[in-house]
Amino acid sequence: MPPSDTSKRPTQAEAEQAVRTLLRWAGDNPDREGLHDTPARVARAYTEFFCGYEIDPAALLRRTFSEVEGYDEIVLLRDIRFESHCEHHLAPIIGRAHVAYLPRQRVVGISKLARVVDAYAKRLQIQERLTAQIANTINDELEPHGVAVIIESAHECMTTRGVHKPGVSMVTSTMLGVFRENSDTRRELMAMLNRPAVCEY
Ligand SMILES: [Zn+2]
């Protein structure tokens, strides 16, 4: 994805003006009291929703650890909650990501995997690309034996508009390396994913 050209980035005032236009488009009056501060709030919310454009996800994975006592099994981070927005309707996508890799000597701090998920989630997305971007970045940076990313999420553009189908979840996965090539490794991952949590946190 090309990074946004910040030299062409609109000013805060221009962003607020655009929100006023949308409020008028919705049929309301942006000058009434309750909406007075809404454009500024929405602009601030956008910087939070889309902060991922400011983050280089690959850089998050550059610090690795090699003293792993020969650990050569799957590392799985389950149930990483994320919030994203669909690029077609700007509607929220709320979901969970499961990220696994089979290390080749080097491992990364697990919080970094969650940060990579957020760095891509906090952009305008479609779920298929989000899934692939997370997997490809981990694959390129850590060069592990394999990477698996599975995402389940609900798309509010489907629940609150259009076909109006609440309760539908979308599941996508990207499997690379041994997770793609070796059905035993994939099966082991699925068993780890389906295992009930062993302790309450
Ligand atoms: Zn949508």
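All values derive from a computational prediction rather than experimental measurement.

So, how was this worked out
Residues numbered from 1 in each chain as written. Predicted model: local features only at pLDDT ≥ 70, side-chain atom pairs only at ≥ 80, totals over all residues. Heavy atoms only, no water. Donors = N, O, S within 2.8 Å, 3.2 Å for Na, K, Ca; no water. Helix = DSSP H or I, 4+ residues; strand = E, 2+ residues; numbered from the N terminus. Buried < 20%, exposed > 50% of the residue type's maximum accessible area, 1.4 Å probe, protein only. Pairing = 2+ DSSP bridges. Axes fitted to C-alpha atoms, helices over the stretch in contact; angles between N-to-C directions. Parallel < 35°, antiparallel > 145°, perpendicular 65-115°, else oblique. Left-handed = near helix turned anticlockwise from the far one by under 90°. Contact = heavy atoms within 4.5 Å. Nonpolar A, V, L, I, M, F, W, Y, C, P; charged D, E, K, R; others polar.

**Q** Report on the coordination of the zinc ion, specifying residues and quantitative values.
**A** On the protein side, the zinc ion has Cys86 (SG), His89 (ND1) and Cys157 (SG) as donor atoms, found 2.2 to 2.3 Å from it. When the donors of the zinc ion are listed by position in the chain, the intervening gaps give C-x2-H-x67-C. Highlighted residues: histidine 89 in the loop between strand 2 (75-86) and strand 3 (92-102) and cysteine 157 in helix 6 (residues 156-159), separated in sequence by 68 residues. Classification of histidine 89 as partly exposed rests on a relative accessible area of 37%. What makes cysteine 157 buried here is its relative accessible area of 10%.

**Q** Outline the sheet that holds strand 5 (residues 124-125), listing residues and values.
**A** On the basis of which strands lie adjacent, the open sheet formed by five strands has the order 5-2-3-6-7 and mixed pairing. The two strands at the open ends of the sheet, each matched to only one other strand, are strand 5 and strand 7 (170-177). Where strand 2 meets strand 3, nine bridges bridge the pair, whose relative direction is antiparallel. Bridge assignment links valine 75 to a residue of strand 3, and that residue is tyrosine 101.

**Q** I'd like a rundown of the packing of helix 4 (residues 110-121) against helix 5 (residues 127-142), residues and numbers included.
**A** Each pair of packed helices can be summarised by the angle the axes make with each other and by the distance between the axes. One can describe the packing of helix 4 onto helix 5 by two numbers: an axis separation of 10 Å at closest approach and a directional angle of 135 degrees. In terms of orientation, helix 4 lies oblique with respect to helix 5. Seen from above, helix 4 lies across helix 5 with right-handed handedness. Taking contact as the criterion, the partners of Leu113, Val116, Val117, Tyr120 and Ala121 in helix 4 are, on helix 5, Leu130, Gln133, Ile134, Thr137 and Ile138. Tallied by class, the residues present in the contact of helix 4 with helix 5 amount to eight nonpolar, two polar and no charged.

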